[in-house]
Amino acid sequence: MAIIDKTQQNWLLVDQDQDQFIGFSLPLYLDNGDIASTKTTMEAVKQNLFNLCSTEQGERVMQPNLGVALKRFLFQPFEEALVDEIKIVITESINYWMPFISINLIDVNMHPSQRGEFRNTMDIKIDFALRQDPNTHDSVQVEVSGGA
């Protein structure tokens, strides 16, 4: 996961330069013959946050602590205590791996098409801001599913 070093130059100037790229857009695909890349800091942060939340701990080789262990919460009764625990796990992981962002809101819901107490798909929305510029904020939506 890339950590943005903003001590070298003004990051807003880098965002305005159309010839400079900050990171890769995943999954990899071709964009006008080139590998698609993130062009702004917020695009890179959103991509990195989505990848962090989509990665299960232990899934990444040589970095077993990278990720957020969200699948362990699937198939448990969806109660307020469970939602609070999910928010804590997400917050701890983001604070460790992406300390340059602040979390404004984490919204955890079960997928609306499912009913009953034991559902198998969570929808998570994370509203965040850059610590360096709190007025720059965005959100990421992640779907965690236990099905195929």
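Residues numbered from 1 in each chain as written. Predicted model: local features only at pLDDT ≥ 70, side-chain atom pairs only at ≥ 80, totals over all residues. Heavy atoms only, no water.

1. What to know about the sheet that holds strand β7 (residues 137–145)
Under the convention used in this document: Only when DSSP finds a minimum of two bridges between them are two strands counted as paired. In this text, helices come from DSSP runs of H or I with a minimum length of four residues, and strands from runs of E with a minimum of two, each type numbered from the N-terminal end. Axis lines are fitted to C-alpha atoms, over the contacting stretch for helices. Their N-to-C directions set the angle, which ranges from 0 to 180 degrees. In what follows, residue pairs with any heavy atoms lying within 4.5 Å of each other are defined as contacts.
Judged by pairing direction, the sheet is antiparallel, and its three strands sit side by side in the order β5-β6-β7 without closing on themselves. Because the sheet does not close on itself, it has two edges, and the strands there are β5 (101–110) and β7. Neighbour-to-neighbour, the strand axes of this sheet turn through a mean angle of 20°, independent of strand direction. One ladder, built from nine bridges, connects strand β6 (residues 121–130) with β7; its direction is antiparallel. Across the sheet, residue Thr121 finds its bridge partner in β7, namely Ser145. With respect to the sheet, helix α2 (residues 41–54) is in contact with β5, β6 and β7, its orientation differing from that of β7 by roughly 25°. Lying on the sheet, helix α3 (residues 80–97) is in contact with β5 and β6; it crosses β5 at an angle near 145°.

2. Quick word on the environment of Ile86
Worth spelling out the cut-off: Only protein chains enter the accessibility calculation, which uses a 1.4 Å probe; a residue whose area is less than 20% of its type maximum is buried, one above 50% is exposed, and one in between is partly exposed.
Note that Ile86 resides in helix α3. The exposure class of Ile86 is buried, given its relative accessible area of 0%. Sequence-wise, Ile86 and Leu70 are 16 residues apart; in three dimensions their C-alpha atoms are separated by 7.2 Å. Once you skip the residues sitting within four places of it in the chain, Ile86 turns out to touch Leu70, Phe73, Val108, Met122 and Ile124.

3. Section: α3
We apply this condition: Helices are assigned an expected span. That span is 1.5 Å times one less than the residue count. As used here, the arc belongs to the directions running from the helix axis to the C-beta atoms.
Look at α3: 26 Å from first C-alpha to last across 18 residues, which is about the 26 Å you get at 1.5 Å a residue. Within the span of α3, buried status applies to Leu82, Val83, Ile86, Val89, Ile90, Ser93, Ile94 and Trp97. Take α3 and look down its axis: the buried residues cluster within an arc of 125°, on one side only. Exposed residues on α3 whose side chains face more than 90 degrees from its buried face are Glu80, Ala81, Glu92 and Tyr96.

4. Some words on the side chain of Ser93
Cut-off, in case you're wondering: Pairs of N or O atoms are called polar contacts if they sit within 3.5 Å, as long as, within protein, a hydrogen donor faces a hydrogen acceptor (for residues adjacent in sequence, only side-chain-to-side-chain pairs).
Checked against the element boundaries, Ser93 lands in helix α3. Judged by relative accessible area, which is 8%, Ser93 ranks as buried. Here the side chain of Ser93 touches Gly67 through a polar contact of 2.9 Å, landing on its backbone oxygen.

5. What to know about the packing of aromatic side chains
In plain terms, the rule: Any pair of Phe, Tyr and Trp rings, taking the six-membered ring for Trp, is counted once the centres come within 6.5 Å. Such a pair is stacked with planes under 30 degrees apart, edge-to-face with planes over 60 apart, and tilted for the rest.
Summed over all chains, the structure comprises one aromatic pair. When the centroid spacing of 5.0 Å and the interplanar angle of 85° are considered together, the rings of Tyr96 and Trp97 count as edge-to-face. Overall, the relative accessible area of 62% leaves Tyr96 in the exposed class.

6. Considering the side chain of Thr136
Secondary-structure assignment places Thr136 in the loop between β6 and β7. Of the residues examined, Thr136 reaches a relative accessible area of 18% and is grouped as buried.

7. Here we look at the confidence of the model for the protein
Close reading of the predicted structure is inappropriate where its pLDDT is low. Condition: A residue's pLDDT is simply how confident the predictor is in it, with values from 0 to 100.
Of all residues in the protein, 67% have pLDDT values of 70 or greater, and the mean over the chain is 78. Of all secondary-structure elements in the protein, the lowest mean pLDDT belongs to helix α1 (residues 11–16), at 52, while α3 reaches the highest, 93.

8. Regarding unusual backbone geometry
In the Ramachandran plot, Met62 falls in the positive-phi region, its phi being about 70° despite a non-glycine side chain. By relative accessible area, which is 77% here, Met62 ends up exposed.

9. A few points about the pattern of salt bridges
The condition is simple: The working definition used for a salt bridge is a side-chain nitrogen of Lys or Arg within 4 Å of a carboxyl oxygen of Asp or Glu.
The full count for this structure, using the stated rule, is one salt bridge. Across the salt bridge formed by Asp138 and Lys46, the nearest N and O atoms sit 3.7 Å from each other. Of the two residues, Asp138 sits in strand β7 while Lys46 sits in helix α2, which places them 92 residues apart along the sequence. Overall, Asp138 belongs to the partly exposed group, its relative accessible area being 28%. By relative accessible area, which is 30% here, Lys46 ends up partly exposed.

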